[in-house]
Amino acid sequence: MSVDVVVNEGDLAEMVEQVWVSYLDPEGINPLIPTGDEKQPSEVHSSVSITGSWTGHVVYASSIRAAKMAAAAFLAMEVEEVGAEDLSDVLGELANIVGGNVKAMLPAGCFLSLPQVVMAPDSATKYPAAERLSGLYGVWDGEPVSVSMWQSRDSNKEGESA
């Protein structure tokens, strides 16, 4: 049975801000600017799943250009030097960092999966047994970036089926 989530949009925004200033924009030159546009396009998705007392997903999504910018900033490289493996490693790590922070705020008994990275448009990346709880949607140097939380539907509740 999944408990109600105790992480709200403000908590999520604070976690993302910490990641941003620690890894992606330590000089404060190019911040993530919230837009609130949850329908913004994305081409790359990295996610971690949380299971146990709470079940769901934490998803980092962006354009390919924003993903390359993130990998370059994280690895202290030029954007043109970023390869596919760099991109996958960094995006997985970003989802892992935010997911670990989310897990730390949840009740005991949660486990974090390894990250998954998918290079596909948002229309191809779905969480059919989950609903979006919260998200931070913004632009970074004009490119779409989002971090969202999805809670799995509890199939153990009376009157619901899997």
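The shown structure was predicted, so the numbers you read here are calculated from the model rather than taken from an experiment.

## A few points about the packing of aromatic side chains
Describing an aromatic ring pair means giving the distance of the ring centres and the angle of the ring planes.
Okay, so step 1: With the rule as written, the count across this model stands at two aromatic pairs.
Okay, so step 2: The interplanar angle of 75° and the centroid separation of 4.9 Å between the aromatic rings of Trp20 and Trp140 together place this pair among those described as edge-to-face. You can see Trp20 sitting in helix α1 (residues 9–24) and its partner Trp140 sitting in strand β6 (residues 130–140), a full 120 residues away along the chain. Each member of the pair, Trp20 as well as Trp140, carries the same accessibility label: buried.
Okay, so step 3: On the basis of an interplanar angle of 25° and a centroid distance of 5.0 Å, the ring pair of Tyr23 and Phe74 is categorised as stacked. Pair noted here: Tyr23 is in helix α1 and Phe74 is in helix α2 (residues 64–75), with a separation of 51 residues, a long-range link.
Okay, so step 4: Looking at Tyr23, the relative accessible area reads 36%, which means it is partly exposed.
Okay, so step 5: Overall, Phe74 belongs to the partly exposed group, its relative accessible area being 25%.

## Overview of the packing of α2 against helix α3 (residues 84–105)
Okay, so step 1: Across the interface, α2 lies against α3 with an axial gap of 9 Å and an inter-helix angle of 85°. One finds that α2 runs roughly perpendicular with respect to α3. Residue-level contacts link Ala67, Lys68, Ala70, Ala71, Phe74 and Leu75 of α2 to Asp86, Leu87, Val90, Leu91, Glu93, Leu94 and Ile97 of α3.
Okay, so step 2: Taken together, the residues of the contact of α2 with α3 sort by class into 10 nonpolar, no polar and three charged.

## Topic: the pattern of salt bridges
Okay, so step 1: Across all of its chains, the model carries three salt bridges by this definition.
Okay, so step 2: Here Asp141 makes a salt bridge to Arg65, at a shortest N to O gap of 3.1 Å. Of the two residues, Asp141 sits in the loop between β6 and β7 (143–152) while Arg65 sits in helix α2, which places them 76 residues apart along the sequence.
Okay, so step 3: Looking at Arg65, the relative accessible area reads 40%, which means it is partly exposed.
Okay, so step 4: The residue Glu143 makes a salt bridge to Arg65 at a minimum N-O spacing of 3.9 Å. One end of the pair, Glu143, is in strand β7; the other, Arg65, is in helix α2, with 78 residues separating them in the sequence.
Okay, so step 5: Ionic contacts of the salt-bridge type, sharing partners, join the residues Arg65, Asp141 and Glu143 into one network.

## Topic: the pairing of strand β2 (residues 44–52)
Okay, so step 1: Of the pairings in the sheet, the one linking β2 to strand β3 (residues 56–62) comprises seven bridges and is antiparallel in character. Within the sheet, the bridge partner assigned to Ile50 lies in β3 and is Gly56.
Okay, so step 2: In terms of strand pairing, β2 meets strand β4 (residues 110–112) through three bridges, oriented antiparallel. Bridge assignment links Ile50 to a residue of β4, and that residue is Leu112.

## So, the pairing of β3
Residues in a regular strand point their side chains to alternate faces of the sheet.
Okay, so step 1: The element β3 is extensively covered by neighbouring structure, given that seven of its seven residues are classed as buried.
Okay, so step 2: Burial along β3 is two-sided: Gly56, Val58, Tyr60 and Ser62 and His57, Val59 and Ala61, pointing in opposite directions, are all buried.
Okay, so step 3: Hairpin remark: β2 followed by β3, antiparallel, with three residues in the connecting loop.

## Looking at the nonpolar core
Okay, so step 1: Formed by 36 residues in total, the largest nonpolar core has its most connected members in Trp20, Val58, Tyr60, Leu94, Val102 and Trp140.
Okay, so step 2: At the level of secondary structure, the elements contributing two or more residues to this core comprise α1, β2, β3, α2, α3, β6 and β7.
Okay, so step 3: The greatest single-element share of this core, amounting to eight residues, is contributed by α3.
Okay, so step 4: Beyond its immediate chain neighbours, meaning those up to four positions away, Trp20 contacts Asp25, Pro26, Asn30, Pro31, Leu32, Tyr60, Trp140 and Val145.

## Considering the environment of Asp86
Okay, so step 1: Mapped onto the elements of the fold, Asp86 is located in helix α3.
Okay, so step 2: On the accessibility criterion, Asp86 (22% relative accessible area) is partly exposed.
Okay, so step 3: Distance from Asp86 to Phe74, taken between C-alpha atoms, is 9.6 Å for residues 12 residues apart in sequence.
Okay, so step 4: Excluding residues within four positions of it along the chain, Asp86 makes contact with Ala71, Leu75, Met77 and Glu81.

Conventions used here
- Residues numbered from 1 in each chain as written.
- Predicted model: local features only at pLDDT ≥ 70, side-chain atom pairs only at ≥ 80, totals over all residues.
- Heavy atoms only, no water.
- Phe/Tyr/Trp six-rings, centres within 6.5 Å; stacked < 30°, edge-to-face > 60°.
- Helix = DSSP H or I, 4+ residues; strand = E, 2+ residues; numbered from the N terminus.
- Buried < 20%, exposed > 50% of the residue type's maximum accessible area, 1.4 Å probe, protein only.
- Axes fitted to C-alpha atoms, helices over the stretch in contact; angles between N-to-C directions.
- Parallel < 35°, antiparallel > 145°, perpendicular 65-115°, else oblique.
- Contact = heavy atoms within 4.5 Å.
- Nonpolar A, V, L, I, M, F, W, Y, C, P; charged D, E, K, R; others polar.
- Salt bridge = Lys/Arg side-chain N within 4 Å of Asp/Glu carboxyl O.
- Pairing = 2+ DSSP bridges.
- Core = buried A, V, L, I, M, F, W, Y, C linked by side-chain atoms within 4.5 Å.

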